[in-house]
Amino acid sequence: MVSAPLVEWLAREKDVSITVCSALKEEADGLARKYNGVDSIYLNVTEGSDHLQELCAKSDVVISLLPYSLHGMVAKYCVAEKTHMVTASYLSDEIKELHDEARRNGVTIMNEVGLDPGIDHLLALECIDEAKEKGGVIESFVSFCGGLPAPEHSGNALRYKFSWSPRGVLLNTLSAAKYLSKGQIVEILGGGDLMSNPRSLDFLPGFALEGFPNRDSTKYAELYGLGKDVHTLLRGTIRYKGFSQCVQPMQLLGLIDPEPHPMLHPSGPDVTWRQLVVNMLGMSDSSIFYENLKQKLVERIGDADGLESLGLLDDTPVVKLNTPLDTLSHYLAKRLEFESHERDLVILRHEVGIRWQDGRREERGINFVVYGQPGGHSAMAQTVGKPAAIAAKMILDGEIQERGVCLPFTPDIYRPMLQRLRAEGLTATETTRFVN
Ligand SMILES: NC(=O)c1ccc[n+]([C@@H]2O[C@H](COP(=O)([O-])OP(=O)(O)OC[C@H]3O[C@@H](n4cnc5c(N)ncnc54)[C@H](O)[C@@H]3O)[C@@H](O)[C@H]2O)c1
Ligand SMILES: N[C@@H](CCCCN[C@@H](CCC(=O)O)C(=O)O)C(=O)O
């Protein structure tokens, strides 16, 4: 979903040759065909793949836009074959462990160069470092980012359409989270609590937005060099109001469960969505009257309207993919797909609280808002693909010299990256307000 602008950006460079790889050959062919001089091949990334090893060996840099669980496998081959690697994904423990070997082999494994993570870091560090250079102290950092449909295309129960991996979007709703609020650590347990208390976001008052925390924000105190003066540190995700309220009943019913479900075995008997929902309610008779089923759902999970309007109470066949999460992701990906005339929207907002040496407190707002092109690149694809492409080219050109497992957190990396993104029209605006 996000690779086309990356290929397009790199294909403009005369001294770069590109091979697009995918386990879906027609997908790789379709992307490569759009740009001159781009090759495509079938590659199923699996443990022990000779083909993957060969490709890593003959490339100068490998960019992994695979599902994030596969990056570690690719990284191992890259390190062994002394090939650099770039991902738009969060740095995982599996990749972190490769740091020493990567350094020894003179390899750069650059992570978190997409949008969120990615451009959010670049804009945050530019602001934080500039404030620190001028004698400011960062007291708070609150950041929210969302990939959304443009508001005119948000008319569904989730108020959402998928601009990146549907599985990732749904799985994230079950995540645990941790952040710092006015000096207190706040922890949210995994398994669904995240959807219980979305906060209303009003920094763009023309939009009806809600937000919830994203993973562990506290680790960025050290990574952003914020020191001990930061009392509030939160990174969060943006959705339109109503998203959490619609997701929560799905979670409570078990529809987002990543574990296998006996009714969803691909070679088992056919099943409809209604039968699956009835089974998840612990009932056996799927001939139950529709209104009675809805009533049971309301009693058990609080709300049946979202399920109903997304077609999940219909007698339509389920494409069974073993787990409820994979099955629902596949279904919703199709149901909530962008149509060719529709566009997405990316909203990123940082609020940085700075205390200046004269005691004044500034609230700096950074807004980064990008719309997708109907029928062209989505905003998500542009804001993920372009920074990843820029980072890859910087490695190829020797502009990034750091070796080992890296993040784009130093000025020699984030400044040129931001400059090149701005040249692509990907710009942020700033607001400032003094609070005393
Ligand atoms: N940092 C960010 O802001 C950001 C935003 C969006 C996506 N991402 C990350 O970028 C990556 C790509 O995201 P996406 O939305 O394009 O996901 P996607 O699901 O659309 O794309 C994944 C691709 O990998 C291919 N694939 C899957 N398994 C494979 C295998 N075993 N071998 C070969 N190919 C395989 C699929 O065919 C598909 O082309 C993901 O890791 C995602 O988490 C990061
Ligand atoms: N938080 C925003 C933007 C998400 C962009 C995708 N980020 C992925 C990256 C996952 C990875 O590849 O490591 C995420 O899960 O946050 C939203 O949810 O709308």
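Note on numbering: residues in each chain are counted from 1, in written sequence order. Lettering for chains starts from A, numbering for ligands starts from 1, and both go in the order in which the items are written. Local features in a predicted model are, by the rule used here, given only for residues with pLDDT of at least 70; side-chain atom pairs are given and counted only at 80 or more, and totals for whole chains, interfaces and linings are based on all residues. No hydrogens and no water enter the side-chain calculation; it runs on all heavy atoms of the structure.

An unreviewed UniProt entry lists the protein chain under the name Alpha-aminoadipic semialdehyde synthase, mitochondrial, with Ceratitis capitata as the source organism. According to UniProt, the comment filed for the protein chain under the heading Function (unreviewed entry) is "Bifunctional enzyme that catalyzes the first two steps in lysine degradation." UniProt positions are given in the numbering used here, feature names are shortened, and annotations may be inferred rather than shown by experiment.

**Quick look at the overall build of the protein chain**
The secondary structure listing takes helices from DSSP runs of H or I that are at least 4 residues long and strands from runs of E that are at least 2 residues long, numbered from the N terminus. Regarding its fold elements, the protein chain presents 16 helices and 15 strands. Taken against the 2.2 N^0.38 rule, which gives 22 Å for 436 residues, the C-alpha radius of gyration of the protein chain at 23 Å falls within 12% of a compact globule. The principal-axis extents of the C-alpha atoms in the protein chain amount to approximately 65 × 60 × 40 Å. Residues counted as positive are Lys and Arg, residues counted as negative are Asp and Glu, and His and the chain ends are not counted. Charge placement uses NZ in Lys and CZ in Arg. For Asp and Glu, CG and CD serve respectively. The centroid of the 45 positive side-chain charges in the protein chain is displaced by 3 Å from the centroid of its 59 negative side-chain charges. With C-alpha atoms as the basis for the radius of gyration, the globule rule is written as 2.2 Å multiplied by the number of residues raised to the power 0.38.

**A look at the sheet that holds strand β14 (residues 404–406)**
One open sheet holds the 4 strands; their spatial order is β3-β4-β5-β14, and the pairing between them is parallel. Looking at the sheet topology across the chains shown, the edges are occupied by β3 (61–64) and β14. The sheet shows a mean angle of 15° between the axes of neighbouring strands, direction not considered. Pairing between two strands is assigned when DSSP locates at least 2 bridges connecting them. Of the pairings in the sheet, the one linking β3 to strand β4 (residues 84–87) comprises 4 bridges and is parallel in character. In this analysis an axis means a line fitted to C-alpha atoms, helices contributing only their contacting stretch, and an angle means the value between N-to-C directions, from 0 to 180 degrees.

**Regarding the side chain of T108**
Relative to the helices and strands, T108 resides in strand β5 (residues 108–110). The buried label goes to any residue with under 20% of its type's maximum accessible area, the exposed label to any with over 50%, and the partly exposed label to all in between, with areas taken from a 1.4 Å probe on protein chains only. You can call T108 buried: its relative accessible area is 0%. Polar contacts, as counted here, are pairs of nitrogen or oxygen atoms within 3.5 Å of one another; within protein the pair requires one atom able to donate a hydrogen and one able to accept it, and residues that are adjacent in sequence qualify only if both atoms are side-chain atoms. At 2.6 Å, the side chain of T108 forms a polar contact with the side chain of R403. The contact definition used throughout considers only heavy atoms, calling two residues in contact when any of these lie within 4.5 Å. Setting aside residues up to four positions removed in sequence, T108 forms contacts with H84, M85, I395, I400, E402, R403, G404 and C406.

**Points about helix α4 (residues 71–80)**
Of all 10 residues that make up α4, 8 are buried, and the element is covered over most of its length. Among the residues of α4, those classed as buried are H71, G72, M73, V74, A75, Y77, C78 and V79. Following α4 by one or two positions, K82 has its phi on the positive side, about 60°.

**Notes on unusual backbone geometry**
Residues D116 and P117 are joined by a peptide bond in cis, for which omega reads 15°. Within the secondary structure layout, P117 lies in the loop between β5 and α7 (119–133). For K82, which is not glycine, the phi torsion reads 60° and is therefore positive. Among the secondary structure elements, K82 is positioned in the loop between α4 and β4. Positive phi is not limited to glycine here, since R215 has a value of about 55°. Along the polypeptide, R215 turns up in the loop between β10 (209–213) and α9 (220–223). With relative accessibility at 26%, the residue R215 sits in the partly exposed group.

**Quick notes on the site of ligand 2**
If even one non-hydrogen atom of a residue comes within 4 Å of a molecule or strand, that residue is called near it. The environment of ligand 2 is formed by 13 residues, the closest being S89, D116, G147, R215 and R239. In the environment of ligand 2, an oxygen atom lies 2.5 Å from a nitrogen or oxygen atom belonging to the side chain of S89. G147 is positioned such that a nitrogen or oxygen atom in its backbone is 2.8 Å from an oxygen atom of ligand 2. Calculation of accessible area relied on Shrake-Rupley with a 1.4 Å probe; when residues are assessed, cover is drawn exclusively from the protein chains displayed. When ligand 2 sits alone it has 470 Å² of accessible area, and the protein chains cover 93% of it. Elements with a contribution of two residues or more to the shell around ligand 2: β6 (137–149) and β11 (232–240). Counting residues per element, the shell around ligand 2 draws most heavily on β6, which supplies 3 residues. As a working rule, the residues Ala, Val, Leu, Ile, Met, Phe, Trp, Tyr, Cys and Pro are called nonpolar, Asp, Glu, Lys and Arg charged, and the rest polar, with Gly in that last group. When the residues that make up the shell around ligand 2 are grouped by side-chain class, the tally is 5 nonpolar, 5 polar and 3 charged.

**Comments concerning the UniProt feature "domain: Saccharopine dehydrogenase NADP binding" (unreviewed entry) in the protein chain**
Per the UniProt record, the feature "domain: Saccharopine dehydrogenase NADP binding" (unreviewed entry) sits at residues 2–110. Taken end to end, residues 2–110 is 42% helix and 19% strand, and its first and last C-alpha atoms sit 18 Å apart.

**Observations regarding the UniProt feature "domain: Saccharopine dehydrogenase-like C-terminal" (unreviewed entry) in the protein chain**
The sites that UniProt annotates as "domain: Saccharopine dehydrogenase-like C-terminal" (unreviewed entry) are residues 114–426. The annotated region residues 114–426 carries 34% helix and 21% strand content, and the separation between its end C-alpha atoms amounts to 13 Å.

**Remarks on the packing of helix α1 (residues 4–11) against helix α15 (residues 379–396)**
Relative orientation and spacing of two packed helices are given, respectively, by the angle between their axes and the distance between those axes. Between α1 and α15, whose axes approach to 7 Å, the crossing angle comes to 40°. Taken together, the axes of α1 and α15 are oblique relative to one another. Our pair here, α1 against α15, has a crossing hand that is right-handed. Facing P5, L6, W9 and L10 of α1, the residues of α15 in contact are A381, Q382, G385, K386, A388, A389, I390 and K393. Split by residue class, the contact of α1 with α15 holds 8 nonpolar, 2 polar and 2 charged. Convention used here: angles under 35 degrees read as roughly parallel, angles over 145 as roughly antiparallel, angles from 65 to 115 as roughly perpendicular, and any remaining angle as oblique. In a left-handed crossing the near helix is turned counterclockwise from the far helix by less than a right angle, and in a right-handed crossing that turn is clockwise.

**Describing the pairing of strand β15 (residues 429–434)**
The two faces of a sheet get side chains in turn, since along a regular strand they alternate between them. Among the 6 residues in β15, 0 count as buried, and that is only a small part of the element. Here strand β13 (residues 361–371) runs beside β15; their pairing, made up of 6 bridges, is antiparallel. In the strand pairing of β15, I366 is matched with E430.

**A short note on helix α10 (residues 243–253)**
Structural remark: α-helix, 3.6 residues per turn; residues separated by three or four positions point the same way. Taking burial as the measure, the 11 residues of α10 include 8 buried ones, the bulk of the element. What α10 keeps buried is the set F243, S244, C246, V247, P249, M250, Q251 and L253. Next to the buried residues of α10 lie β10, β11, α11 (273–280), α12 (290–301), α13 (305–309) and α14 (324–335). Directly beyond the C-terminal end of α10, a positive phi value near 105° is found at G254.

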